[in-house]
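Overview (structure and organization)
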Amino acid sequence: MDKKNYNSIPSSTTPMSGGGGGSSELNIKLTLEGLQREVKSLKTKLDNCERENKDLKKSIYDLTIRYDMVSHQLGKGTQKPFNIDAVFAPQTPEVNSNGIDGHSSIVSIQSPPPTLSSNVDERLLLTSTQQRNSNKKMDERHFFFKFTLKGHNASVYTVDFSPCGKMLASGSFDKTVKVWDVFNQREMATFNEHTVNVSVLQWNNNSTEILSGSYDKSVKLWDLNSNKLISSYNTSGFVLDVKFSPIDNNIFFAGNTQNHVIGFDKRTPNSIIVLENDALINSLYVFKDGQHILTGDSLGKLKVWDSRKGNKVNFPESFHYDGCVDGLAGSFSNSVNNALVDGSPFEIGPENRPISGVTMSSRGGSFAGGEDDGRFLAVNSYDNVIRVYDRSKVSIVSHPYSLAPMSLIHSLTGHKNKNWPIKSSIYIGKDYNQDSSVKRTLGVGKSMHDGSKSIDDDDDDDDDDEEQPDINQSVLLATGSADYNAYIYDIGFGKQSGKVLQKLEGHTDRVYSVKFHPSEPILASCSADSTIRLWTPKKKIFNI
């Protein structure tokens, strides 16, 4: 619209007195509508121009790359790549619609020398093949977001898959424990007897009960069949970790802020076992015998305890489930040295930064002959490092639960753990062969044992590049992070071992904990954004 039309607007839209007012308002309305249509039309044209400009720039960029490639292949001779398409497709005839006699004719295009054509084609083919191989590797072990579980009203602090693999439990700052049918994406139950945030939970061995610990200083046991509270046990401090005995669902342990590891037995509610540490018990692991306990504490030390040598505390018959063990704040220091196993304590680093989580790989395999505890031990620490230890020689050269023979194979970095209780989880592929992996370590440099990455620094070796990474033959570690992401590392013994495979983005606040499914490559992550996110490889069909 030109200036004349714009200048005519004021005179035609000046309010008129008397009966002409309605006509003036109508003219203004019609004029505004016309202007709006014109503006919309101009915006559409502008968008089209911007798209065309973008496409044109892309075409110029692509053409420049192709021209540069062909120029490099042709060298500085007199022959110029005047027809790039012809160079890339030398056998393709070109149709000229303006022949000498006015009819269509086929004109052959002079092609570059055969050696040049073959070199270009081979290089392009090689690049394309390498790219496909690279994509194939990424697709095999690359995790993709599947869906979000929503229902908590505050930060989700902990998650745990049931041993049967069909359910997921979560604990939150909203004081509740929720149980989810993850494959049907629905909430199955909510337990809300805690009075402060739920800090940790674990399933029993047959997926029928859940143990939860809370900052209300209590440990509660929930029945999935009746969806009711079975029993409640008070402790001396905020509960930071809980674990069932792997051989007896009646026995479980709790670690708390009063430096205590407390053992409970449902059959004898008036009697407990107490182990006293010199620091907060931030994490627990119960070994396969159900009697030895691994702890990670706030002084950065790993310790193994023999629960049979702990202090046995008896309460009156009236204690039962409603009793309190706050009186355990007294000293039991005379039991510390007796209960500790040889090789404890084990310091993970010179600075003694607090340990926020201890994770053992799944039981099974035959790295030490017969079924045993996991081979890999991962320790999250406040120094932003996850240390991964190899326990393959533990039961061969010493006490089966000693920490001394462990070797440090990875010091993983990239995530943020400082000052936050971040937890990790380990996945062992169903086809992972521990014996063959030991043989593969013979070709790995000595840097494995000094805390650096356990891979060769020579990236020019393409032998391993030809092997397609298989998630079912992999050992992966996932961890939460304070930077709103979760991270996945390869901790096996392949070429990519010790590297960050992937950063999982999507949460909008700190990721406190992650947990792998007991048998499938499925990962659950929970966050301060009040949600739980599920991740699987691309090829995984999310059903069972």
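Preceding block: the structure.
Residues numbered from 1 in each chain as written. Predicted model: local features only at pLDDT ≥ 70, side-chain atom pairs only at ≥ 80, totals over all residues. Heavy atoms only, no water.

**Here's the deal with the side chain of His 410**
Relative to the assigned elements, His 410 resides in strand 24 (residues 407-412). A relative accessible area of 1% places His 410 in the buried class. A polar contact is formed between the side chain of His 410 and the side chain of Ser 497, at a distance of 3.0 Å. (Helix = DSSP H or I, 4+ residues; strand = E, 2+ residues; numbered from the N terminus. Buried < 20%, exposed > 50% of the residue type's maximum accessible area, 1.4 Å probe, protein only. Polar contact = N/O pair within 3.5 Å; in protein donor to acceptor, adjacent residues only side chain to side chain.)

**As for the pattern of salt bridges**
The final tally for this structure, using the stated rule, is 14 salt bridges. The residue Asp 490 makes a salt bridge to Arg 141 at a minimum N-O spacing of 3.2 Å. Note that Asp 490 is positioned in strand 27 (residues 486-490) and Arg 141 in helix 4 (residues 114-141), a separation of 349 residues in sequence. Each member of the pair, Asp 490 together with Arg 141, is buried. Taking the shortest distance from any N to any O, the salt bridge between Lys 178 and Glu 187 comes out at 3.2 Å. Classification of Glu 187 by relative accessible area gives partly exposed; the value is 35%. Several salt bridges share partner residues, and in doing so they unite Asp 248, Asp 265 and Arg 267 into one network. (Salt bridge = Lys/Arg side-chain N within 4 Å of Asp/Glu carboxyl O.)

**Looking at the pairing of strand 14 (residues 260-265)**
Of all 6 residues that make up strand 14, 6 are buried, and the element is covered over most of its length. Side chains of strand 14 alternate between two faces, with His 260, Ile 262 and Phe 264 and Val 261, Gly 263 and Asp 265 buried alike. Relative to strand 14, strand 13 (residues 251-256) is paired through 5 bridges, and the arrangement is antiparallel. Considered in strand 14, the bridge of Gly 255 is made with Val 261. The turn joining strand 13 and strand 14, which pair antiparallel and follow one another in sequence, is formed by 3 residues; a positive phi near 70° is taken by Asn 259. Relative to strand 15 (residues 271-276), strand 14 is paired through 4 bridges, and the arrangement is antiparallel. (Pairing = 2+ DSSP bridges.)

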